[in-house]
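# Results of the structural survey
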Amino acid sequence: MQSSRQISAYGDGISRPHFEYENWYPAVVPGTVVSTLSKSGAYGDPTFGTNMKNIPGYKHGRTTHFSLHKMPDDSPFKATWWYRCEFLLDNTEHCSQTWMHVDGINYAAHIWINGTRIAAADHCIGPYRRFVFNISAVVSFDKINVCAIEIVPPQPDDLNLTFIDWGPTPPDDSMGMWQGISLSRSNACALRHPFASCELDITDFSKAAVSVSTTVVNTSLERMQVLLHGVIEEIEFSKEIVLEPKEIREETFSPFDFPELILKNPRVWWPYQLGSPQTYSCRLELHIDGALSDKADFTFGIRDIVSYINEHGSRQFSVNGKNILLRGSAWKPDLFFAQSETRDDIDIAFLKNMNLNCLRMEGMLASDGFWDKCDKEGVLVLAGWPCCNHWEKWDAWKEGDYVIANESLRSQILRLRNHPSLIAWFYGSDYPPPPNVEKSYLAILDSCDKHLVRISSATAQVSPVTGPSGVKMSGPYTFVPPVYWYTDSMPGKATSFNTETGPDVCIPIFESLKKMLPPDQLFPGSDAWNHHAGLGFFTDTEIVNTAIVKRYGKPKDTKNFCDTAQVLGYECWRAMYEAYNRNFPKGTGVIGWMLNAAWPSLLWQLYDYYLKPTGAFFGTKKACEPLHIQYSYDDGSIWVANNTFEPVPEITATVRRYGLDGKPIFEQDRQISLSPYERTNVMAVPEAAEQAPLYFLRCNLKLNGRLHSDNWYCISSDKDVFSPVSKTHFYWSLDHYADMSALRDIAKPELIAAFKIASTGREEDTPYHTLEIAVRNPSEHIAFFTRLTIYNLQTKESVSPVLWDDNYVSFAPHEHRTVFCKIPKYIDISHISVSAKVWN
């Protein structure tokens, strides 16, 4: 890769084998221009400290929408940048046609092969569009071929691929290739966009009707008679078709014409918590005179996704005939669009470890491999267009933008429609599009996948074309206390389907802070600290900082600040998901803002850039247990939620209250039974004769002696008091904070811990080591919010990633408990230790 400013030649010369490129950079693809330059050592690590500000062309300031500002005049990224690749072609299969697949360029490109331009930037334009070029006439089989691609940077008024307020936009405005480029071969006739559309009989799952379609391309100047043949595992189907010269058309195998496509007792794709995510493989082949011309392999899932607005005005999703509560979080890619199969595996594993069932992708539509993993692991995905940039500035769209937007939608739906994990498409984000744009979008969605749920925006705004959305985007986006989600006067209360919301408090652990900030900047409010916060309204963490001090008292240092942030994040995120748990189906879904970190960040992450979970991670995990007992912050009631479709007979719900000294004050049991997906109020916690200012509440569920849910709360009789009028749209200010500071003065018990590598009986079948950790509290005091950590004794750092069955655990006096965790086998565990540290 190299800047056009450093090259005297143009595409006809750059795409020749003998072009001199010694001063070029080894390109990172997929990736951006800045990612290549950073990995090549041209700049310091842009993720550390304020190094990003030192990259030439950085847009200084803290505006939310960097993408809406022009690059500085002296920016090296105002120029075009060239990528160059040499490749050899093997023609052992004697194919006549060679195709180049361009899956994602930001923003436009001139593409040259062997001295010939095959695409210009006025055609190859738009980051979400996918192109296929026939390059048969310009490639060779007996010498080196050269491809040269000139990337044209995006402008503020382009339908760009942008970051918003999650972190600083890199100075190249994400110019580069965010998806890959590949080649394929065929003979005269080729296949494109194979698709299996399924209709499942959900009354008894005894049958499913599958329609298989594909686009067929005749590259020749001759009329072609071809055989289109399909195989779905043991099922075969074929038809003879005639293609006119240069004809492109869609062919469909309908179950009405091909009754073998009515599958008996099909394997059904389920979300992972409700069943097995089964998929089918399909191959389509084109034959000319008995010889294979092209083939296409793909997978699909048989499932039924329905969405409607229920009696409470909330958008309800039904999967295979069963109404479910969507509990998810918003996924974001690496800030420089690096792709990693290992990282994808971890993202999905962490999501499932937290018991979440859903992801949202707002404009950041991931790699094909990531989507495949969502299918395989049974994770539901909501996807759609981005907000806060030119995509939603319809009154300023240029004539060409309408074409780019429509073709972008077509490209992405054709790309994603076979994935059973995709359950809905938001064709607006912060606003529904105007009627002319919405109608165009709807026509494309109907033509590409008539069964895909489509929603006008992620907000409650009513579309004049399609009516109410059934969702809301009310915030908040930063700290609110747990009672917020239960308070009827709050806009973000646990009703409707909230497409993006959360209490933030996602400060990483101190170990991670030391990786991302210089030692002299390692404190709240420093320049580097604020640089790793967000943009716009989120340029610092002051709202979170204030909440920590007001609720828990002033931390003694930055490490203590981080430790305290984990407590606050745990209780706030747990309360959000628990409130939706209780209120279903008034509340039908909640997408926590956000799941992962695009770069080392101080906000909106359940686990950080270094794969260390925050307290919010484990609060989320606790709240989203399949079988869960919880406390209500509004009325003190205790609820049990069964988020499975299995009945639960005779389970014991127990509630205990402890003083800060560890002595029990109150205990009560209830025997209950639960129907599938039932939530029920099991008891109210009575007021103590002398109400303690602060006490512990422990709620648990046991079935046949086995602990199914163990949930500790610290409750203050000094309540949070909201201001009568909020000063901002992204949170609700407080006139008074609940006083939890007495937690700093409770006794400090010493725990005893031991661990061993557990035998699973199938070690060869699992990619994980399993550790069994026994922890005992021998004292008379409560061990509050105990963090368990695996350390590498050689590096002196904590091991990551680790999948815990529980963490930040509290222990009653004299209690002992066993906790399990899993560590990927690619991590060496020959030199590890386990620590159990009580919060205070």
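The sections below set out a description of the structure shown in this document. (Residues numbered from 1 in each chain as written. Predicted model: local features only at pLDDT ≥ 70, side-chain atom pairs only at ≥ 80, totals over all residues. Heavy atoms only, no water.)

## Side note on the overall build of the chain
The helix and strand inventory of the chain stands at 11 helices and 46 strands. Relative to a compact globule of 840 residues, whose C-alpha radius of gyration would be 28 Å, the chain shows 28 Å and is just as compact. With the C-alpha coordinates of the chain rotated into their principal frame, the extents come out at 90 × 65 × 60 Å. Taking the contacts inside the chain whose residues are at least 6 apart along the sequence as the reference set, 71% of them involve residues at least 24 apart. (Helix = DSSP H or I, 4+ residues; strand = E, 2+ residues; numbered from the N terminus. Rg over C-alpha atoms; globule rule 2.2 N^0.38 Å. Contact = heavy atoms within 4.5 Å.)

## Describing the pairing of strand β41 (residues 783–792)
Of all 10 residues in β41, nine are buried; the element is thus mostly enclosed. Across six bridges, the pairing between β41 and strand β46 (residues 832–837) is antiparallel. By the bridge assignment, N792 is partnered in β46 with I832. The pairing of β41 with strand β42 (residues 797–798) spans two bridges and is antiparallel. Within the sheet, the bridge partner assigned to N792 lies in β42 and is E797. (Buried < 20%, exposed > 50% of the residue type's maximum accessible area, 1.4 Å probe, protein only. Pairing = 2+ DSSP bridges.)

## Let's talk about the packing of aromatic side chains
Evaluation of the coordinates by the stated rule reveals 55 aromatic pairs. Note on W385 and W391: the rings are 4.4 Å apart at their centroids and 25° apart in plane angle, and the pair reads as stacked. Residue W391 is classed as buried on the basis of its relative accessible area, which comes to 2%. Between Y484 and W485, the ring centres sit 5.1 Å apart and the planes meet at 80°, which makes this aromatic pair edge-to-face. (Phe/Tyr/Trp six-rings, centres within 6.5 Å; stacked < 30°, edge-to-face > 60°.)

## Quick look at unusual backbone geometry
Residue P476 follows G475 across a cis peptide bond; omega there is 0°. Relative to the helices and strands, P476 is located in the loop between β27 (453–455) and β28 (496–501). Between F584 and the following residue, P585, the backbone shows a cis peptide bond with an omega angle of 10°. Its place among the elements puts P585 in the loop between α10 (558–583) and β29 (587–592). Of note, N355 is a non-glycine position whose phi angle comes to about 70°, a positive value. Following the sequence through the fold, N355 ends up in the loop between α3 (341–353) and β24 (358–362). Exposure remark for N355: the relative accessible area of 14% places this residue in the buried category. Here the phi dihedral of D504 falls at roughly 55°; this positive angle occurs in a residue that is not glycine. Residue position: D504 is located in the loop between β28 and α7 (510–516).

## Side note on the sheet that holds strand β32 (residues 648–658)
Pairing within the open sheet is antiparallel, and its four strands lie in the order β33-β32-β35-β36. Two strands close off the open sheet at either side, each with one partner strand: β33 (664–674) and β36 (706–716). Strand-to-strand twist of the sheet, defined as the mean angle between neighbouring strand axes without regard to direction, takes the value 15°. Pairing analysis gives 10 bridges linking strand β35 (residues 694–703) to β36, with the strands arranged antiparallel. Following the sheet pairing, L697 is matched in β36 by Y713. (Axes fitted to C-alpha atoms, helices over the stretch in contact; angles between N-to-C directions.)

## Topic: α10
For α10, built from 26 residues, the straight-helix expectation of 38 Å at 1.5 Å per residue is met to within 8% by its first-to-last C-alpha distance of 37 Å. With 24 of 26 residues buried, α10 is to be regarded as a mostly interior element. Put simply, D557 is the residue that caps the front of α10, since its side-chain oxygen is 3.3 Å from the backbone nitrogen of K559. (Expected span 1.5 Å × (residues − 1). Polar contact = N/O pair within 3.5 Å; in protein donor to acceptor, adjacent residues only side chain to side chain.)

## Some remarks on helix α9 (residues 542–552)
Within α9 the residues assigned to the buried category are V544, N545, A547, I548, R551 and Y552. The arc that holds the buried residues of α9, viewed along the axis, is 160°, so those residues lie on one side. Summarising the contacts, the buried residues of α9 are in contact with α10. The positive-phi residue at the C-terminal boundary of α9 is G553, with phi of around 85°. (Arc of directions from axis to C-beta.)

## So, the sheet that holds strand β3 (residues 81–87)
Judged by pairing direction, the sheet is antiparallel, and its five strands sit side by side in the order β1-β3-β9-β6-β7 without closing on themselves. Strands at the two margins of the open sheet, each flanked by one partner only, are β1 (2–3) and β7 (116–119).

## Comments concerning the packing of α9 against α10
It is at 10 Å that the axes of α9 and α10 come closest, and there the two elements cross at 90°. By the criterion of interaxial angle, the relationship of α9 to α10 is roughly perpendicular. Facing N545, A547, I548, R551 and Y552 of α9, the residues of α10 in contact are F561, T564, A565, V567, L568 and E571. Taken together, the residues of the contact of α9 with α10 break down into seven nonpolar, two polar and two charged. (Parallel < 35°, antiparallel > 145°, perpendicular 65-115°, else oblique. Nonpolar A, V, L, I, M, F, W, Y, C, P; charged D, E, K, R; others polar.)

## Let's talk about the packing of helix α5 (residues 399–416) against helix α6 (residues 435–448)
Interhelical geometry of α5 versus α6 gives an angle of 30° and a closest axis separation of 10 Å. One finds that α5 runs roughly parallel with respect to α6. In the crossing of α5 with α6, the sense of the turn from one axis to the other is right-handed. Packed against α5, whose contacting residues are Y402, A405, N406, L409, R410, I413 and L414, the element α6 presents N436, V437, S440, Y441, I444, L445, S447 and C448 at the interface. For the contact of α5 with α6, the residue count by class is 10 nonpolar, four polar and one charged. (Left-handed = near helix turned anticlockwise from the far one by under 90°.)

## A few points about the pattern of salt bridges
Taken as a whole and judged by the stated rule, the model has 37 salt bridges. In this structure, D158 engages K398 in a salt bridge whose closest nitrogen and oxygen atoms are separated by 3.8 Å. Linking D158 in the loop between β9 (145–152) and β10 (176–177) with K398 in the loop between β25 (380–384) and α5, this pair joins segments that are 240 residues apart in sequence. Using a relative accessible area of 33% as the deciding quantity, one classes K398 as partly exposed. (Salt bridge = Lys/Arg side-chain N within 4 Å of Asp/Glu carboxyl O.)

## As for the environment of H193
One can find H193 in strand β12 (residues 189–200). Along the sequence, H193 and S213 sit 20 residues apart, while their C-alpha atoms lie 8.1 Å from each other. If we ignore the near neighbours within four places in the chain, the residues touching H193 are S213, T214, T215, L414 and R417.

## Looking at the environment of Y25
With respect to the helices and strands, the residue Y25 is situated in the loop between α1 (11–14) and β2 (31–32). By relative accessible area, Y25 is classed as partly exposed at 28%. Sequence spacing of Y25 and E377 is 352 residues, and the spatial spacing of their C-alpha atoms is 37 Å. Beyond its immediate stretch of four places on either side in the chain, Y25 contacts M1, Q2, T36, L37, S40 and A42.

## Observations concerning the side chain of D375
Among the structural elements, D375 can be located in helix α4 (residues 368–377). If we skip the residues at most four places from it in the chain, D375 touches W269, P277, H419, P420 and S421.

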